[in-house]
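Okay, here's what each chain looks like letter by letter:
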Amino acid sequence: LKPEPIAQINLYTFAEFALADMTQATASVGARVDVANRGRGMVALDNEDGTWNVELDDGTEGDFPTSGLQVVDENINDMVLGNETDPSALLIWLHGLTDTPDGWHGIFSSQLEAPFMPLLSYLQIKLPCAPLQRVSACGKVTTSWYDVQGFPMNVTRSDPGTGQRESIEKVLRLIDDAVASGIPPSRIVIGGHSQGGALALAAALQSRISISGCIVLSGWALPSQDLARCAKSSAAASGGTRFLVCHGDEDCTVLLECGKHVAEMLQQNGCIVENSACEVFSGFGHNVCREDVVRSIQQFLNELLPPGSPEAATEVVDTMAALASQTAIENDPHKTLCRVST
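Residues numbered from 1 in each chain as written. Predicted model: local features only at pLDDT ≥ 70, side-chain atom pairs only at ≥ 80, totals over all residues. Heavy atoms only, no water.

Caption draft 1: Region of interest: the overall build of the protein chain. Assigned secondary structure in the protein chain consists of 9 helices and 17 strands. Sorting the 342 residues of the protein chain into buried and exposed places 51% on the buried side. Summarising the internal contacts of the protein chain: among those between residues at least 6 apart in sequence, 72% fall at separations of at least 24. Accessible surface computed for the protein chain: about 14900 Å², of which carbon and sulfur atoms make up 50%. (Helix = DSSP H or I, 4+ residues; strand = E, 2+ residues; numbered from the N terminus. Buried < 20%, exposed > 50% of the residue type's maximum accessible area, 1.4 Å probe, protein only. Contact = heavy atoms within 4.5 Å. Areas by Shrake-Rupley, 256 points an atom, 1.4 Å probe, with all protein chains shown as cover.)

Caption draft 2: The arrangement of the nonpolar core in detail. Of all hydrophobic cores here, the largest spans 50 residues; its most connected members are Ile190, Leu201, Leu205, Phe243 and Leu266. When contributions to this core are tallied by element, the ones reaching two or more residues are strand S8 (89-94), helix H3 (164-180), strand S12 (188-193), helix H4 (195-206), strand S13 (213-217), helix H5 (227-232), strand S14 (242-248) and helix H7 (256-268). The greatest single-element share of this core, amounting to 8 residues, is contributed by H4. Apart from the residues lying within four places of it in its own chain, the contact partners of Leu205 are Leu227, Cys230, Ala231, Ser234, Ala236, Phe243, Met265, Leu266 and Cys271. In this structure, Leu91, Phe284, Phe300 and Leu301 belong to the second largest nonpolar core, which totals 29 residues. (Core = buried A, V, L, I, M, F, W, Y, C linked by side-chain atoms within 4.5 Å.)

Caption draft 3: Representation of the pairing of S8 within the structure. Most of S8 is tucked away: 6 of the 6 residues are buried. Burial along S8 is two-sided: Ala89, Leu91 and Trp93 facing one way and Leu90, Ile92 and Leu94 facing the other are all buried. Inspection of the sheet shows S8 paired to S12 by 5 bridges, in the parallel sense. Each residue of the ladder has a partner; that of Ile92, found in S12, is Ile190. (Pairing = 2+ DSSP bridges.)

Caption draft 4: Structural view of H7. The end-to-end C-alpha separation of H7 is 19 Å, in line with the 18 Å expected for 13 residues at 1.5 Å each. Looking one or two places after H7, you find Gly270, whose phi comes out positive at around 85°. (Expected span 1.5 Å × (residues − 1).)

Caption draft 5: Local environment of the pairing of strand S3 (residues 39-46). Relative to S3, strand S2 (residues 32-35) runs antiparallel, the two sharing 4 bridges. In the strand pairing of S3, Asp34 is matched with Arg40. With antiparallel pairing between neighbouring strands as the criterion, S2 and S3 make up a hairpin whose turn holds 3 residues, including Asn37 at a positive phi of roughly 65°. Between S3 and strand S4 (residues 51-56), which pair antiparallel in sequence order, lie 4 residues; one of them, Glu48, sits at a positive phi of approximately 60°.

Caption draft 6: A look at the packing of H3 against H4. Put simply, H3 and H4 touch, their axes get as near as 9 Å, and they point 65° apart. Judged by the sense of rotation from one axis to the other, the crossing of H3 with H4 is right-handed. Note on element contacts: H4 touches H3 through Leu199, Ala202, Ala203 and Gln206, opposite Ser167, Ile168, Val171 and Leu172. (Axes fitted to C-alpha atoms, helices over the stretch in contact; angles between N-to-C directions. Left-handed = near helix turned anticlockwise from the far one by under 90°.)

As structure tokens, then:
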């Protein structure tokens, strides 16, 4: 029998920004602007002489006076999907480098709606957007959780850790806020694609509480975070957080060795990895999301986050009491289990 054709969705098809009305706001580094007679681009540098260096969408760049720029409000915002009023479970999903939440919002809803509909009745999916910052690998300002030196990503590529602390702490705050709102840690999963998957892994291993699960899709282990050491003493290992590690064997951007390394590192340090290995998808590249990959994610979420149970409220109270006690002792509400690189 021939296998059924598998749908492929290009992630960056959905990464187009939703444009709003143009404004006369003051230019700043990272702002999207229209340049008179040149087109649209992004401000890369304040020359501090009344001009701005702008990287244009056509691949060129130049220095332009403030009077020649018109700032464009592109509304790159966080997004929410599913139950927004009284969710009993939460998925925090982190997009990849240069992407926005739009792409994954479409994948989890309109593009592959049927598999996720039962989950979305009680599950909330938070899709935060990465900040705009200069990325070494891209040579320009773009949406990014932290700096990346270059691609293809492999297990030996250098990693200065620039910007990682801020993004890890943002994810940890989202977890803390969810628990404070009444969602128990056992009903929280974090995950992400590519750079977002690497961030989700680091946050799961540095969280002071054990969450239900973590999904690393086409991601890698951040070397500067010393995640092997973190994993060994982590709440994730002691509390039974489950990790789903997925990668394509035709990924030329983040090499397959990265996914295999993540799974091996987790297992060697006491963490639970689904199927005891990285789940490898044949013929799967990097900038697409296939239906069989989404099915694997859906199955993982169904197992970890079934409809809510009566024990959930008690777990939230117990967890918040433990966190309050720990915070009082440490005098640091966002202290992580191992040192986060700057």
